[in-house]
Each structure stands twice: as structure tokens, then as C-alpha cells.
Amino acid sequence: MLAETAKSIEQLPETNFIKQDLAKIDLNNANIYNFRRIKGMYPTLGRIIIEHAPYASIEDVLNIPGLTESQKQIIKDNADKFAFYKPDSSMNRERINNANYRL
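A few points on the structure.

Reading guide: rules and limits
- Residues numbered from 1 in each chain as written.
- Predicted model: local features only at pLDDT ≥ 70, side-chain atom pairs only at ≥ 80, totals over all residues.
- Heavy atoms only, no water.
- Phe/Tyr/Trp six-rings, centres within 6.5 Å; stacked < 30°, edge-to-face > 60°.
- Lys NZ or Arg CZ within 6 Å of the ring centre and 35° of its normal.
- Core = buried A, V, L, I, M, F, W, Y, C linked by side-chain atoms within 4.5 Å.
- Buried < 20%, exposed > 50% of the residue type's maximum accessible area, 1.4 Å probe, protein only.
- Helix = DSSP H or I, 4+ residues; strand = E, 2+ residues; numbered from the N terminus.
- Salt bridge = Lys/Arg side-chain N within 4 Å of Asp/Glu carboxyl O.

**Some thoughts on the packing of aromatic side chains**
Right, on to step 1. Going through the model one piece at a time under the given rule, you end up with 0 aromatic pairs.
Right, on to step 2. Its end group placed over the ring of Tyr42, Arg36 keeps NZ or CZ at 5.3 Å from the ring centre.

Here it is in C-alpha cells:
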């Protein structure tokens, strides 16, 4: 199954931060802050999704170990708000800690 997912990820569209569709959350590259747009996803579910990326499809997201039924339902209810692009490794550190600090 992991090999299948890896192959599927390679077939995803390239990530392009200049021409990205801001109407959807790219689950392979989104910053934790992006999950604030969907009720019930910020911060816990967003962090879980980021930590288990990459994904090739919504089914991969729903197969995250330890998700509760209510978390799975939030993901299903908002599936049309997600996109899947090839992961950009330059963003890994900033996906959780995006340097937005309150002083």
C-alpha cells in the first residue's frame, strides 16, 4: 500500500506557490494556519494531517492511524476544500511553525 501511495504521489501535479489555488487547502504543503478556515480542524486535526503527509487522495487522509470518527467526519464533510499536489520539501519546517509569533 505504501508503494502504491508513493507512486500515486509522483503523479500529482507539481506544486506552484505562485499560481496556487487559494480556494483549497493543499494537504501536502499547507501551513497549520490554513486549517483555521475549516471549523474543527485547527489546531489538532490540522497538525495530525501535516505530520502524516504526504497523501495522494482523501482516502489516504482518512487512513491516518488514530483518527476518531468525528475527525474522519470533519475530513469527509470538507473533502471538496482540499487539494493534493506534490510535496515541496522546502516547506517542511514551516508547515507547523510558520514564524507567526505574538509578542
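Here the narrative resumes.
**Points about the nonpolar core**
Right, on to step 1. Within the largest apolar cluster, 23 residues are counted, with the highest numbers of intra-cluster contacts made by Leu27, Phe35, Ile49, Val61, Ile75 and Phe82.
Right, on to step 2. Secondary-structure elements contributing two or more residues to this core are α2 (44-52) and α3 (58-62).
Right, on to step 3. When residues of this core are assigned to their parent elements, the largest contribution, 4 residues, is made by α2.

**Thoughts on the pattern of salt bridges**
Right, on to step 1. A full pass over the atoms with the stated rule returns 2 salt bridges.
Right, on to step 2. For Arg47, the salt bridge goes to Glu51, with nearest N and O atoms at 3.1 Å. Taken together, the residues Arg47 and Glu51, both in helix α2 and 4 residues apart, mark about one turn of the helix.
Right, on to step 3. Overall, the relative accessible area of 35% leaves Arg47 in the partly exposed class.
Right, on to step 4. For the salt bridge of Lys72 with Glu69, the shortest nitrogen-to-oxygen distance reads 4.0 Å. Remark: Glu69 and Lys72 occur in helix α4 (residues 69-77); sequence separation between them is 3 residues, near one turn of the helix.

**Regarding unusual backbone geometry**
Glycine aside, residues mostly have negative phi angles, and peptide bonds mostly take the trans form.
Right, on to step 1. The omega torsion of the bond from Tyr42 to Pro43 falls at 0 degrees, within 30 degrees of zero and hence cis.
Right, on to step 2. Within the fold, Pro43 resides in the loop between β1 (25-26) and α2.
Right, on to step 3. Residue Pro54 is bonded to the preceding Ala53 through a cis peptide linkage, with omega at 15 degrees.
Right, on to step 4. Relative to the elements of secondary structure, Pro54 occurs in the loop between α2 and α3.

Remember, this is a structural readout, not a statement about activity or role.
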